[in-house]
Each structure stands twice: as structure tokens, then as C-alpha cells.
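Chain by chain, the residues:
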Amino acid sequence: MGQSLCICSRSAITIDNKRYYFIQKLDEGGFSYVDLVEGAQDGRFYALKRILCHDREGRNEAQTEVEMHRLFSHPNILSLTGHAFTERSGKSEAWLLLPYISKGSLWSVLEKMRDKGSSMAESRVLHVLRGICEGLKAIHDKGYAHRDLKPTNVLLEENDRPVLMDLGSMNKARIEVRGSREAMTIQDWAAQRCTISYRAPELFNVESHCIIDEKTDIWSLGCVLYCMMMLEGPYDLIFQKGDSVALAVQNPVTIPQPCSYSAGLQNLLSSIMVTNPQERPDINWVLEQVKSLQGSDAGPVDTNRV
Ligand SMILES: Nc1ncnc2c1ncn2[C@@H]1O[C@H](COP(=O)(O)OP(=O)(O)OP(=O)(O)O)[C@@H](O)[C@H]1O
């Protein structure tokens, strides 16, 4: 699938013998442009992610992103409808055709709440967190790690089902580091591919002999949970002020008090955001805690919460 493409006019493309019409630009990521397109045959909307491949390495990375999508068929992981590689006037692009999720990212939902002065009901936090955990579990069970989990990389379906997207940084979960040169390579890679304010402490200063594994995602998951509760990531302000995130992540996260969320949810957050990856829980433990909190959640009390 995905090998045949032709550009039929300025506003229509063909992937796998199916025609898609350009509707509008959606967004621009760090590595790509995303457009809204409509399938001529099925009338459905899709997001077309165009990744600029500057060299062979860039093309290989895009190919890996395609393969990562193909590994999963899970309700909490964005599927790939088709793909193609284009070559025009010496410029190479990888095109990923993805189902369009109209409600947008978790981040855009949280931003709207912040603008309105409202917050997320605990039951909703738990619902979204559970879906993210289910998606992460599927990734970790296959021996992979997402490596760039953050609220802008979680799309929300109309029914609030979270869908993990942007599999461009995903790789094998277990990375054995043998020596300072390898450690520096991993550190440089993380600096480029793992968003700084959601990056796990062990990726800022990679030790010469160590194992990096899927626990990096658990740290980012903690940052996402914090963001759902506080409407900003725990290290967003530090980053914006130009202070050192690498230094800040060495200390335990502080939850601003008074906090209107239950002690159970606050405890869960503190248990996830542990600096030492060996003491950080795995996804199965987190998922069990979320399920048990859902069982005991008495529902929202604050009327300003949605
Ligand atoms: N399937 C989709 N449905 C709706 N919006 C989408 C979809 N895919 C991508 N987008 C939008 O495009 C933005 C960029 O996509 P994506 O994160 O995949 O690109 P990227 O270049 O890897 O970005 P970055 O590395 O900066 O996070 C997303 O934040 C989202 O707003």
C-alpha cells in the first residue's frame, strides 16, 4: 500500500488510486505540514501530514514513522490510511494520510478551559488518562516506546477518546548504552526528538553505561496528567523563563496547594513522577491505579469543572 501517488492538480492528489481534495491547511509541526483533505470516493476528511525529507536519513525516519503506525491497530493509537513518497524538483516528501480528528488535541481542549477559567472534572481526567494508558500499554507490550508523549500529541475524538499520534520519535523501548560516545548520541537524539518540558530526567544526562527504556514515557505521562490537572505542564514555565529544565527535573514535582483534586489522584501523580527510572512504576501499575481511582471517584463537585 502507499507506493503510488500522482499530483493531479494543485488541489487534488491521488494515493493508492484514490483521489483526495485539498480543503485547508491545518497545522505546522516541527518537522511537517498538516493539511485537511477530503476523500473523493468516501467523502471523509483526512489529515495529510507532509514530512520534508532533506536527505536519505530524513526519508528513512519518515519510513520508520510509517512502519510504527503499521505495527498497531488500537483504538487509542492513530491509524494510518495510506502513505506515499514524492520527489519533485529535487525535493523529497513523505505523505502520511491519517483519519482526521476534528476535536483537535488535548492541549487545545485544555487551553480553552484555561481561557474560560474552568478546569477538568476528575472523572474526565481519569477517563482521558485511562485511554492514554491503554494506548501506551499497547506500545510498551510490543517492546516500543513513544518518546514524545505530550498534550499536543494526544488527539481527542468527539466522545473524548484519546488517540496517541505523532509516532515519529517512536523506537525500541530498550536501549543499551555502552560507553560515553553512545550516551552522547542518545542524548543528542533526545534533545532533537523528545520535547524538552516533557523529557524524562535520564535523557538530559545519559549515563555512559545504562539502560534507557519505556520508563521515559511514564515520566511524560506524569507531565500530561499534571497538565490535565493544572492546565499547564509542570516544566512549561521553567522552560518559558529560560531556566534549566534539566536541573528542575532532578527534584520531586510539587503539586500547587490547595489542590481541588482527590488525594488519590495527587498521590498517583507523585508516584509516577519519580526521577530515578528504576523506581518509576510501569504502565500496568499506573493503569491499575487509574481503574481503581475510577471505581472510587465520587464525581465532580465543582460546578466550574467540565
Ligand atoms: N489526524 C489528525 N487530525 C487532526 N489534526 C491533526 C492530525 N494529525 C496532525 N494534526 C495536527 O497537526 C499538528 C502537527 O502534527 P504532528 O505532531 O504529527 O507533526 P510533527 O511535525 O511531528 O509535530 P511536532 O514534532 O512539532 O510535535 C498536530 O499538533 C495537530 O494539531
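Parameters and conventions
Residues numbered from 1 in each chain as written. Predicted model: local features only at pLDDT ≥ 70, side-chain atom pairs only at ≥ 80, totals over all residues. Heavy atoms only, no water. Helix = DSSP H or I, 4+ residues; strand = E, 2+ residues; numbered from the N terminus. Buried < 20%, exposed > 50% of the residue type's maximum accessible area, 1.4 Å probe, protein only. Polar contact = N/O pair within 3.5 Å; in protein donor to acceptor, adjacent residues only side chain to side chain. Contact = heavy atoms within 4.5 Å. Near = heavy atom within 4 Å. Areas by Shrake-Rupley, 256 points an atom, 1.4 Å probe, with all protein chains shown as cover. Domains from an automatic or database assignment.

Engineer: Sorry, what's going on with the side chain of serine 220 here?
Structural biologist: Checked against the element boundaries, serine 220 lands in helix α5 (residues 215–230). For serine 220, a relative accessible area of 4% puts it in the buried group. Only 3.2 Å separates the side chain of serine 220 from the backbone oxygen of threonine 216, close enough to count as a polar contact. Setting aside residues up to four positions removed in sequence, serine 220 forms contacts with Leu149 and Tyr198.

Engineer: Would you mind going over the site of the ligand with me for this structure?
Structural biologist: Taken together, 19 residues form the shell around the ligand, and within it Asp27, Gly30, Ser32, Lys49 and Asp166 come nearest. Within the backbone of proline 99, an N or O atom sits 2.9 Å from a nitrogen atom of the ligand. Take isoleucine 101: an N or O atom from its main chain is 3.0 Å from a nitrogen atom of the ligand. Compared with its free state, where it exposes 630 Å², the ligand has 86% of that area covered by protein. Residue assignment for the shell around the ligand shows that the elements contributing at least two residues are β4 (32–39), β5 (45–53) and β7 (91–99). Shared between two domains, the shell around the ligand takes at least three residues from each, and those domains are domain 1 (12–99) and domain 2 (104–296).

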